[in-house]
Amino acid sequence: MKILLVCALGCTTSLLVEKMKQVANEDDVVEAQSVTEVKNIYKNYDVVLLGPQVRLQVDDLVKICEKDNVKVDVIDFTAYGRIDGVAVYNQAKKLVEEV
Amino acid sequence: MENKTLDKVTNFAMKIAKPMNKFASIDGVKAVTIGLMNAMPLTMIGSIFILLFVFSTPGQMGIENFALFPFLAGFAPKFLTVFLMTLNFLGFWCSLTIAQAYAELKQFDTKIAGIVGVLTFLLLATQGPVNGAISVGNFGATGLFVAMLGSVWMTKLYIFLDKKNIKLRLPSSVPSYVGKSFGAIVPMLLVAVVSWIIRSVLNLDLVALINLVLSPLVVNAENPFVYSLFGILGNLLWFCGLHGAALTSPITAPLTTLYLTENAAAKAAGTMILPHIWIPYTLGAALFVGGFWVLTVLLLTSKAKHLKAIGRVAALPIIFNVQEPLVFGLPLVFNGYLIIPWILSTVVNGLIAWYLSYFNIIGRGFVDPSWATPSFLTLPFSTGDIKSLMLIPICFTVGMIIWFPFFKAFEKAEMAKMDKS
C-alpha cells in the first residue's frame, strides 16, 4: 500500500510518517508532502490523506484523484493530533480495501 | 463557553474561511505565495550576511560601541555585498520564482516561464543600461509588487499564446529540440513587446504607479489593530481545525515581505530605528511563548494523566513551532474552555510585542528566520538585539496569568469526564 500524507508544508505529517512506518508492512510506502504537490504526484500512491487543517481542499483533490482511482480522505482529528500512527494507518487500509 | 455560543463562533469562522480558501486557491495567488517561499534560500543567505554585518559593526546591536565579532569589523562592508544581491534584490529574484511557480501550477515548462518572468521584470522595472550600468533601485522592495503582477500576468499571456498555437512551426523533419526553441520565439516576442510598450513607448512607470496605488494600504495596514485582527482570525481558523497561517498569509505575506525587505535595507544603510514593526516571525515568537509554551507547561504539570501525556507528545514539536499536536490532540479545536485565553493571549501578547518595538525598547526585525526556528533563537537573530529576549519571560508570565484559570476549569471538566467513564 502506498500512502501519501499532506498538510500545509508536509511538516506535521512527516511526524506521522515515522509513527506509521513502525506499524506498516515492509513493502508499504508512507510519505509526506505539501498539499500543493498532490496534483503532480498522486498517481504514485493508492491513498492520499489530508491533515485536517487543509481539509477545505479535499473536494478539489477528490475530483482530481478519483478518476485514477486514488482514494482521498481527511485524517481523523484526534488521531492526527495524538500522532497516532496505528489509527491513521488503519484509516488508510480501510479506504484502500473498500474497493 | 456554552454550546450555542460555540456553534455561532464556529459558523462565523467557517463563513470567513471559505472565501479565504477560495482566494488562496487562485493560481496567481498561489504562485505568489509559493514563489516567495521558493526564494527562501536567497533570503536566508542574505539574512546570514546581514547578521554578520550587524554583529561585526560596533553599535549596530543596540548597545553603544559593542560588537559581537569586533575582529571582523574590517570585513563589515564586504558582508553587505552578498546581502545586497540576495535579500535586497528580492523583487528581482521573485520575478523568477513566481513565474516558475505559476508555470508549475499550470503544468507548463518552468524553464521558459523563468525567462518570461525575468525578462518582464527587467523591461518593466528598469530603464535598461545607461553607460554600461543598470539602475537596480527597483530590484528590492519597491519592485516586489511589479514582480508579482508582471510574472503572473506575462506567464499567463505566454501560456495562452502557446496553447492557441500562436508560434512558428517548422517542418517535422527538424529535430524536436530545435523546433521547441524556435516555437518560443513568437510568444516570447509578444511578451517582450507588451512589456516594452508599457515601459518604453507609453513611458508608464508601473513600479511608481503600483506603489502609489498601494501605498495607502501598505502604510495603513501596519497598525496594532489590523495586526490583532489577523491574530484573532488565525486563532479562529485553527479553532475550526484549519491552518490559520496558510489561509491568512496569502493576504498578509506580500505586505509583510515588503516590510521585512525595507527593514533589512534600512539596517544595511546603517539606520538605527527601522521603519516597520510588523515582522511576522519576530512578533509571532512572542505569541508562541505566551500561548503554546504556556499551555504545554500547564499540560506537563497537570494532575490529569491523559493531559500530561498530551503535553509530553506536544513538547518537542512546540519548541519548533509545530502546534498541531495541541490543536488536534488536546484538542483546541472546538474547545470552548480554551478559545478565550487563546484569543486573549494572542491579542495581549501581540500588543506587548508591538508596543515594545514601537517605543524602541526592543529592536525591530530585519531578518526572518525559518518558521521552525525556536522562539528564543528567532528573537535575537531577527532583531539583532539581545534585549528582545525580554519578551520571553514577559509574554510567558502574561500568558500564564491569562491561561491559568481557564485551564484549571478545563482540567476539572476533563477529570470529571474521566471519573464518569
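Residues numbered from 1 in each chain as written. Chains lettered and ligands numbered in written order. Predicted model: local features only at pLDDT ≥ 70, side-chain atom pairs only at ≥ 80, totals over all residues.

1. Some details on the overall build of chain A
Scanning chain A from N- to C-terminus turns up five helices and four strands. Ordered by position from the N terminus, the helices and strands of chain A form the series β-α-β-α-β-α-β-α-α. For chain A, whose C-alpha radius of gyration is 12 Å, the value lies close to the compact-globule estimate of 13 Å for 99 residues. Each principal axis of the C-alpha atoms in chain A carries an extent, and together these give about 30 × 25 × 20 Å. Counting contacts in chain A only where the partners sit at least 6 residues apart, residues at least 24 apart contribute 64% of the total. (Helix = DSSP H or I, 4+ residues; strand = E, 2+ residues; numbered from the N terminus. Rg over C-alpha atoms; globule rule 2.2 N^0.38 Å. Contact = placed C-beta atoms within 7 Å.)

2. Quick look at the pairing of strand 4 (residues 71–74) of chain A
Direction of pairing for strand 3 (residues 47–50) of chain A relative to strand 4 of chain A: parallel, over a ladder of four bridges. Counted as the bridge partner of Leu50 of chain A is Val74 of chain A from strand 4 of chain A. (Pairing = 2+ DSSP bridges.)

3. Side note on the nonpolar core
Formed by 147 residues in total, the largest nonpolar core has its most connected members in Val48 of chain A together with Ile50 and Ile98 of chain B. At 13 residues, helix 13 (residues 280–300) of chain B tops the list of elements feeding residues into this core. Excluding residues that lie within four positions of it along the chain, Val48 of chain A makes contacts with Leu4, Val6, Val38, Tyr42, Leu61, Cys65, Val70 and Val72 of chain A. (Core = buried A, V, L, I, M, F, W, Y, C linked by C-beta atoms within 7 Å. Buried ≥ 20, exposed ≤ 12 C-beta atoms within 10 Å, placed from the backbone.)

4. Let's talk about the confidence of the model for chain A
Confidence along chain A averages 88 in pLDDT terms, with 99% of residues attaining 70 or more. Within chain A, strand 3 of chain A carries the highest mean pLDDT (93), whereas helix 4 (residues 77–81) of chain A carries the lowest (86). (pLDDT = per-residue confidence, 0-100.)

5. Examining the domain arrangement of chain B
Residues and elements named next belong to chain B. Once the domains are mapped, chain B shows domain 1 (39–85), domain 2 (90–218) and domain 3 (221–420). Each of domain 1 and domain 3 has a C-alpha centre, and these two points are 28 Å apart. At the junction of the two partners, domain 1 supplies 12 residues and domain 3 supplies 12 residues. Those elements that place two or more of their residues in the side of domain 1 that touches domain 3 are helix 3 (40–56) and helix 4 (76–85). The dominant element in the side of domain 1 that touches domain 3, judged by the number of residues it contributes, is helix 3, at six residues. Of the residues assigned to the side of domain 1 that touches domain 3, the class counts are eight nonpolar, four polar and no charged. (Domains from an automatic or database assignment. Nonpolar A, V, L, I, M, F, W, Y, C, P; charged D, E, K, R; others polar.)

6. Observations concerning the interface of chain B and chain A
Counting residues at the interface gives 19 residues for chain B and 15 residues for chain A. Among the secondary structure elements, those contributing two or more residues to the side of chain B that touches chain A are helix 1 (3–25), helix 2 (27–38), helix 14 (305–319) and helix 15 (324–329) of chain B. Take the side of chain B that touches chain A: its biggest share by element is five residues, from helix 15 of chain B. Among the residues making up the side of chain B that touches chain A, the classes are represented as 13 nonpolar, four polar and two charged.

7. Examining the packing of helix 1 of chain B against helix 11 (residues 224–239) of chain B
Residue and element names in this part refer to chain B. Contact geometry for helix 1 and helix 11: axes closest at 9 Å, N-to-C directions at 105 degrees. Here helix 11 runs roughly perpendicular to helix 1, going by the angle between their axes. For the pair helix 1 and helix 11, the contacting residues are Ala13, Ile16 and Ala17 in the first and Leu233, Leu236, Leu237 and Phe239 in the second. The residue makeup of the contact of helix 1 with helix 11, split by class, is seven nonpolar, no polar and no charged. (Axes fitted to C-alpha atoms, helices over the stretch in contact; angles between N-to-C directions. Parallel < 35°, antiparallel > 145°, perpendicular 65-115°, else oblique.)

8. A few points about the sheet that holds strand 3 of chain A
Picture the strands of a sheet paired through backbone hydrogen bonds; they go either parallel or antiparallel. All names here are of chain A. The parallel open sheet is built from four strands, whose spatial order is 2-1-3-4. Only two strands of the sheet have a single partner each, and these edge strands are strand 2 (29–34) and strand 4. Within this sheet the neighbouring strands show an average axis-to-axis angle of 20 degrees, counted without direction. Note that strand 1 (residues 2–7) and strand 2 share six bridges and pair parallel.

9. Here we look at the pairing of strand 1 of chain A
Residue and element names in this part refer to chain A. Burial analysis of strand 1 places five of its six residues in the buried class, the great majority of the element. For the crossover that starts at strand 1, traverses helix 1 (residues 12–23) and ends in the parallel strand 2, the hand is right-handed. Here strand 1 pairs with strand 3 via four bridges, running parallel. When the sheet's bridge partners are listed, Ile3 is paired in strand 3 with Val47. (Right-handed = clockwise from strand over helix to strand, strands pointing away.)

10. Some points on helix 1 of chain B
Residue and element names in this part refer to chain B. Given a rise of 1.5 Å per residue, 23 residues ought to cover 33 Å, and the 32 Å separating the end C-alpha atoms of helix 1 matches this to within 8%. Where helix 1 is concerned, the buried positions are Ala13, Ala17, Asn21 and Ala24. Of the surrounding secondary structure, the elements contacted by the buried residues of helix 1 are helix 2, helix 11 and helix 12 (244–268). (Expected span 1.5 Å × (residues − 1).)

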